[in-house]
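Listed below are the residues making up each chain.
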Amino acid sequence: RIQSFGSLVPSRTPRRPPSVARFLALLERGLLRKVVERSSAVATVLLPVAVALSIRLVFWAWPPGDPAGEAIAMPLLGYVAAIWLGVTASVQSVVGERSHHRQEKILGVLDVEYALAKAIALSVALAGQILVLASILLWRTPLDAGVFLAGLGAGALAGLVLGLAVSALSPTPEFALRLVPVLMIPQILFSRLTGFPIADFTPGFSEDVLSRLAFTPHLESIFGNPRALDAGFSAIPAGWGGAAGQLAGLVLFLAGLAFVGLWLLDRRERRVKAPRG
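Source: prediction; values computed, not measured.

Thresholds, definitions, all that
- Residues numbered from 1 in each chain as written.
- Predicted model: local features only at pLDDT ≥ 70, side-chain atom pairs only at ≥ 80, totals over all residues.
- Heavy atoms only, no water.
- Helix = DSSP H or I, 4+ residues; strand = E, 2+ residues; numbered from the N terminus.
- Contact = heavy atoms within 4.5 Å.
- Areas by Shrake-Rupley, 256 points an atom, 1.4 Å probe, with all protein chains shown as cover.
- pLDDT = per-residue confidence, 0-100.
- Buried < 20%, exposed > 50% of the residue type's maximum accessible area, 1.4 Å probe, protein only.
- Lys, Arg positive; Asp, Glu negative; His and termini not counted.
- Salt bridge = Lys/Arg side-chain N within 4 Å of Asp/Glu carboxyl O.
- Polar contact = N/O pair within 3.5 Å; in protein donor to acceptor, adjacent residues only side chain to side chain.
- Core = buried A, V, L, I, M, F, W, Y, C linked by side-chain atoms within 4.5 Å.
- Expected span 1.5 Å × (residues − 1).

A. Inspection of the overall build of the chain at higher detail. For the chain, the helix and strand inventory stands at 12 helices and 0 strands. When contacts within the chain are restricted to residue pairs at least 6 apart in sequence, long-range pairs at least 24 apart make up 81% of them. For the chain, the exposed area adds up to about 15000 Å²; of that, 67% sits on carbon and sulfur atoms.

In structure tokens form, the structure reads like this:
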């Protein structure tokens, strides 16, 4: 009679020190996977093009004599699009590759090595998307390229970490993907594009607490100022450090949630027992 041994995950993985060679091998495999998967590579290139052209169809011509005033909505839409690109790039990256994560754990890979390699590999592909998005949105506009590109990069990084946290905590890839609209609603709602919150209508909790948990208010206070988009970093309004600190705090908190998700996944795998036969 053939005995079933169940999962190959060991009941207790031996502790190993971090290894640079192991980390570089993980990073190389992650980057090669992005290149080899043709459908993923094509989507990576076409997605920012489609998003950027959709925005430019609305803001095709820039108002004459107005560097960044009346058309301020265009760069703000760009920041929201960058967040969305970051979320979609990573929201299935962990939960969709649980078998790979299980194999890496068997080989003694640490969660910090796996998470950092995953984040860097995704960031490389996302950086290319942001450059494509920026090149189309900056075409024939007087926007300062440095400020606008920095805002796009910050938004994409924040979205990437948010997607990683959701992916690590989600039970299935389908569940994680269906959360993308839910994750993006606060980014749009709390943007200056909507004029939200509304005086005497929006609850104080939403205005004082929930708005601080979205990325867009912090991005817009730093990189969405019309003078800064016109004259460059020297025109960024004073007090930007507070918004930058809150944005960095959100990113670090979400990174911590991603590690918690990996830890919970490891715990669930350890509880798998071989069936008696």
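B. Structural view of the confidence of the model for the chain. Confidence in the prediction of the chain, expressed as mean pLDDT, is 80, and 72% of residues score 70 or more. Put simply, helix H1 (residues 20-36) is where the chain has its lowest mean pLDDT, 60, and helix H6 (residues 145-169) is where it has its highest, 95. Note that residues 1-13 has pLDDT below 50 and, in this model, 18 contacts with residues that lie over four places away or in other chains.

C. Molecular detail of the side chain of Glu-220. As for its position among the elements, Glu-220 is in helix H10 (residues 216-223). As a buried residue without a salt bridge, Glu-220 has its nearest oppositely charged side chain in Arg-192, at a separation of 4.2 Å. Within the structure, Glu-220 has its side chain in polar contact with the side chain of Ser-191 (distance 2.5 Å). Dropping the residues within four chain positions of it, Glu-220 is found in contact with Leu-76, Ser-191, Arg-192 and Asn-225.

D. Up close: the nonpolar core. Counting 61 residues, the largest nonpolar core has Tyr-79, Val-87, Ile-130, Leu-133, Leu-152 and Phe-215 as its most contacted members. Looking at this core, the elements that each hand over two or more residues are helix H2 (38-58), helix H3 (73-90), helix H5 (111-137), H6, helix H8 (180-189), H10, helix H11 (226-231) and helix H12 (240-270). By residue number, the principal contributor to this core is H6, which donates 12 residues.

E. Main features of H6. In a regular helix each residue adds 1.5 Å, so 25 residues correspond to 36 Å; H6 covers 36 Å between its end C-alpha atoms and thus fits that length. Backbone nitrogen of Gly-146 and a side-chain oxygen of the N-cap are separated by 3.2 Å at the start of H6; the cap is Asp-144.

F. Just the environment of Tyr-79, in detail. Within the secondary structure, Tyr-79 is located in helix H3. Note on Tyr-79: relative accessible area 1%, which makes it buried. Sequence spacing of Tyr-79 and Phe-223 is 144 residues, and the spatial spacing of their C-alpha atoms is 9.1 Å.

G. Examining the side chain of Gln-129 more closely. Locating Gln-129 in the fold gives a position in helix H5. The exposure class of Gln-129 is buried, given its relative accessible area of 6%. Among the polar contacts made by the side chain of Gln-129, one reaches the main-chain carbonyl oxygen of Thr-44 at a distance of 3.1 Å. If sequence neighbours within four positions are ignored, Gln-129 has contacts with Ala-43, Thr-44, Leu-47, Pro-48 and Leu-85.

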